[in-house]
Structures are given as structure tokens and as C-alpha cells.
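So you can see what is in the structure, the chains are spelled out below.
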Amino acid sequence: MGLETDVLIIGGGATGTGVARDLAMRGLDTILVEEGALSSGTTGRSHSLLHSGARYVPDDPASAEACVQENQILTEIAGHCVDNTGGLFVQLTGDSEEYFERKVQACHDHGIETEVLSGEAARKTVPALSSDVERAIRVPDGVIYPSRLTAATAVSAREHGAKITTQAPLTDLHVANDRVTGGTISLENGTTETIDAAHVVNATGAWAGAVAKLADLDVGMRPSRGVMVVVEFDGLDTVLNRCRSPADGDIIVPHDERVILGTTSEKVTDPDDYPKEDWEVDRVLEECTAMLPEINADQILRTYWGVRPLYGQPTETDDERDISRGFTLLDHAERDDTAGFTSIVGGKLTTHRRMAEAVSDHVCDRLGVTAECHTATEPLPGSDDPSVLDRFVEEFGGSVPSDADVVDI
């Protein structure tokens, strides 16, 4: 006999574990399955930036507003899963003054706290900044430690009754009478297990299209890859962003005695099989050096690539950077006449909790459950003690590329 549950969640990244936590807190029987370790997909291969929203104004205000609110919530509930370093958007010689002013105004319009600094004042804050920095905007950016965040979220889900199963690839979705009724997973011991569910949630990010195909459904994902370059550099304790339209090599995220440089944006067709080009590393290093001249190729410790779970229609420029970083909930009952199945696509690590709340609201509505969301106010377990968080990380498979330099296991 197989398992039975109210909700089967596929995907053990931040959003999937967030859905498991939210639904379990509302009293639903919930099972989450993940093919690898928690955070082993996009969640654990990001530049780990806790967005203030400033990156997305003035061009994507909806994403910016979501980041503003979720930044504040994570600061309250996530403890040592995040680090409120603050951030600077720096204008270099030759960068658009008009864009700088538009960003300042847009931040004000969307409730993002800002302070404009002269180049001299910015270099007092970050002495290693380039002498070409003419002005900067101080914003409440920060750093997320993805493996801690996801593990603590999974522990919270489990404490409320959810079952978390890792190293369990989904091999099939069950469809009967135009309804998804569950799935089959492969277990580490070589056996399989069937799970019957009243509702199935596809929270697999860039892999959402592949999972949907198991039910003969098409989800138009537009994944793009980006490289992160980890460099040995002691002394940076503030996130740096280039104050220009998003482009290659415009983010530097501090990680203790290292920094993460990011990133590029190149289309991929398969999130499991894509080229990793040396030119991307060179481009990121060159662009980030314009902000922080003391870094160089000799300091590179490692590189890793991640795949963004982008979703949306092609833009006029056909540039992935023009696709909104907002999220989309796909109700396959309305979209494809296939009930019992929901996909959540797009979004950011910063907004994972909001994405999970939207999915949970939708599932509860479908199942006739009236319980409300409480994930924005209940602190994550262990969040006041890094050593406890790191034990959680070890339990669920270990740290990931985004925070391997910080998590102590």
C-alpha cells in the first residue's frame, strides 16, 4: 500500500518547503518530496541576495514591492538564516545620472529606505570601493543563507506534522478522469512508493515544465543560467550593486572572508544540461572589478552556475533580464482542465514565503479549508542559534554552493 495525504508537494527548495510549512501550520496532512538534498536546485545556487526591492525599481515595481515586504518579514522571523548587511547602489564615472535619480525617486515611491551618499562618503563606508564611484544609494539589502533558511523551514513544517522526504525523485504523476491524484517516487533503497493526494503542488522551479509533462501538461518555462564567482576578499560587509539597468556582473555579496560576484543571464533549454562558459566568469570578474578594484582572478576560489525559473512571454528584446521577477500561480484546473494540480513558477528567493502563502491560499480554497496563514509572524525554529541551524542543514543533506563558505558542518 502507498501513502495518502491531503497535499503532495514536489520540490524541496525554499518555495516547496515554504508551502509544506504553511499548509502544515493550517492543519493539512502534507508530504514533500525532493529528488536530491534540500536546496540542491536553484535555491542553493543563487547569489544569496536578500533583496530590498531596489534592484527592481523603476522597471518592475510589483516585484520591488514584494521584496520590500518580504525583506522585513524575513528579518523578523529568520534570524541567522539572513544577515542584514545593508547595501549600496553605486554610480561609476560614465554611468547614467538620470537612471540614478530615477532609482532614488522610485525607491521613495515604493517605500524603500534610501540615503544618497557622495563618493567620498561611500568610500568611508566601504574603503575598497573604486575611486570612480561618484555617488551611491544606501538601501536595506542583505544576505540569505539558503541552506539554513530551507532546512529551518522544513523543520518547522515537520514540527507541524508534515513529512519531508529527500533523495526521492518523482517518477510519475497519476492522472485519472482529468485529475492529478498523486505520484510515484523512487526511494534510496531501490524501491518505489506511491502517494495519493487530494492536491499536488509543483514547486520545482526551473524543472516545473519537466514535472508537468508527466501529466501531459505544458508549462512554458524560460530558464536562464547565471554564473557566480567566489573570490577570497576580507573586509566587505555591505552588498554592492551597480546603479544601472540590470546587466552582467553588477552584484557583489559579502560572505565573511569571501565575496560572491554575480552574474550572467543566458538562455538554457535543459536546466540539467547546459554549457558553463569561461567567458561568463571573465565578464563577471571584469565588471565587478570596476566597483571593487582589489579583486582579481588570482583570488578566485570556485565558481558555480544556477538556473533561474523564469516564466513569461518573450519580450520585444528577447532578453531574459526583461522578464519580470514576479511569480505566477498556474491553476491547471482552469488553465488545462486538469484538476488537483497547481504549479508555482518564477519569483525570487526573497519572496519565497509570499509565493508559498499564495499557493497555500489556493490549495485551501480548492480543498474547502478556511484556516489562515501564520508564516509571517512565527519565527523559524533554531533561527536564534547558528549552530542549531547548521545541524538542521546537515540533517537534510548539507550546505549548498551559495553558503558553503558560511555554514559550519
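Residues numbered from 1 in each chain as written. Predicted model: local features only at pLDDT ≥ 70, side-chain atom pairs only at ≥ 80, totals over all residues. Heavy atoms only, no water.

K.L.:
I'd like a rundown of the overall build of the protein, residues and numbers included.
P.N.:
From N to C terminus, the protein includes ten helices and 20 strands. In terms of overall dimensions, the protein is globule-like: its C-alpha atoms have a radius of gyration of 21 Å, near the 22 Å expected for 409 residues. Expressed as a percentage of the 409 residues in the protein, the buried residues total 57%. Restricting the contact set of the protein to residue pairs at least 6 apart, pairs at least 24 apart contribute 73%. When the accessible area of the protein is evaluated, it comes to approximately 16,200 Å², of which 43% is carbon and sulfur surface. Taken as two groups, the 33 positive and 72 negative side-chain charges of the protein have centres that lie 2 Å from each other. (Helix = DSSP H or I, 4+ residues; strand = E, 2+ residues; numbered from the N terminus. Rg over C-alpha atoms; globule rule 2.2 N^0.38 Å. Buried < 20%, exposed > 50% of the residue type's maximum accessible area, 1.4 Å probe, protein only. Contact = heavy atoms within 4.5 Å. Areas by Shrake-Rupley, 256 points an atom, 1.4 Å probe, with all protein chains shown as cover. Lys, Arg positive; Asp, Glu negative; His and termini not counted. Charge placed at Lys NZ, Arg CZ, Asp CG, Glu CD.)

K.L.:
Lay out the side chain of Thr30 with the relevant residues and their values.
P.N.:
Of note, Thr30 is situated in strand 2 (residues 30–33). Here Leu28 takes part through its backbone oxygen, which lies 3.2 Å from a polar atom of the side chain of Thr30. The residues contacting Thr30, other than those within four sequence positions of it, are Thr5, Val7, Ile9, Ala20, Leu23, Ala24, Ala162 and Lys163. (Polar contact = N/O pair within 3.5 Å; in protein donor to acceptor, adjacent residues only side chain to side chain.)

K.L.:
Account for the packing of helix 1 (residues 14–25) against helix 5 (residues 146–159), naming residues and giving values.
P.N.:
When two helices pack together, their arrangement is given by the angle between their axes and by how far apart the axes lie. Relative to each other, helix 1 and helix 5 sit at 25°, their axes nearing to 8 Å. As the angle between them shows, helix 1 and helix 5 are arranged roughly parallel. Handedness of the helix 1/helix 5 crossing: left-handed. Within the contact between the two elements, helix 1 uses Ala14, Thr17, Gly18, Ala20, Arg21 and Ala24 and helix 5 uses Thr150, Thr153, Ala154, Ser156 and Ala157. Of the residues that constitute the contact of helix 1 with helix 5, the class distribution is five nonpolar, five polar and one charged. (Axes fitted to C-alpha atoms, helices over the stretch in contact; angles between N-to-C directions. Parallel < 35°, antiparallel > 145°, perpendicular 65-115°, else oblique. Left-handed = near helix turned anticlockwise from the far one by under 90°. Nonpolar A, V, L, I, M, F, W, Y, C, P; charged D, E, K, R; others polar.)

K.L.:
Can you lay out the domain arrangement of the protein for me, pointing to particular residues and giving the numbers?
P.N.:
Domain boundaries assigned for the protein yield domain 1 (3–44 + 146–219 + 314–396) and domain 2 (87–139 + 224–308). Computed from C-alpha atoms alone, the centre-to-centre distance between domain 1 and domain 2 is 31 Å. (Domains from an automatic or database assignment.)

K.L.:
Tell me about the sheet that holds strand 3 (residues 49–50), residues and numbers included.
P.N.:
Spatially, 3-8-4 is the arrangement adopted by the three strands of the open sheet, whose pairing is antiparallel. Looking at the sheet topology across the chains shown, the edges are occupied by strand 3 and strand 4 (82–83). Pairing between strand 4 and strand 8 (residues 142–144): two bridges, direction antiparallel. Among the inter-strand pairings, Val82 is bridged to a residue of strand 8, identified as Ile144. (Pairing = 2+ DSSP bridges.)

K.L.:
Tell me what's going on with the packing of helix 2 (residues 61–77) against helix 9 (residues 352–367), and back it up with residues and numbers.
P.N.:
Packing of helix 2 against helix 9 leaves a shortest axis separation of 8 Å and a crossing angle of 100°. With respect to each other, helix 2 and helix 9 are oriented roughly perpendicular. The residues of helix 9 that touch helix 2, namely those facing Ala66, Gln69, Glu70, Ile73, Leu74 and Ile77, are His352, Arg353 and Arg354. Its residues assigned to classes, the contact of helix 2 with helix 9 shows four nonpolar, two polar and three charged.

K.L.:
I'd like to hear about the nonpolar core, residue by residue, with values.
P.N.:
Ile9, Leu23, Leu74, Ala78, Leu149 and Ile164 are the most contacted members of the largest nonpolar core, which has 42 residues in total. Of all the elements in the fold, those that place two or more residues in this core are strand 1 (3–10), helix 1, helix 2, helix 5, helix 9 and helix 10 (386–395). In terms of residue count, the dominant contributor to this core is helix 5 (six residues). Excluding anything up to four places from it in sequence, Leu149 contacts Leu74, Ala78, Cys81, Ile144, Leu349, His352 and Leu380. Among the nonpolar cores identified, the runner-up in size contains 31 residues, and Leu117, Tyr274, Leu285 and Cys288 belong to it. (Core = buried A, V, L, I, M, F, W, Y, C linked by side-chain atoms within 4.5 Å.)

K.L.:
Before we move on, can you summarise helix 9 with the specific residues and values?
P.N.:
Helix length check: helix 9, at 16 residues, gives a terminal C-alpha distance of 22 Å against a target of 22 Å (1.5 Å per residue), a fit within 8%. Buried within helix 9 we find His352, Arg353, Met355, Ala356, Val359, Ser360, His362, Val363 and Cys364. Where helix 9 ends, the next residue or the one after it, Gly368, has phi of about 75°, a positive value. (Expected span 1.5 Å × (residues − 1).)

K.L.:
Give me the state of the cysteines: which residues, what numbers.
P.N.:
Under the definition given, this model contains zero disulfides. We note that Cys243 lacks a disulfide partner, and the nearest cysteine sulfur, in Cys107, lies 8.4 Å from it. A relative accessible area of 1% means that Cys243 is categorised as buried. Cysteine Cys288 remains unbridged, with the sulfur of Cys243 as its closest cysteine sulfur at 15 Å. (Disulfide = S-S within 2.5 Å.)

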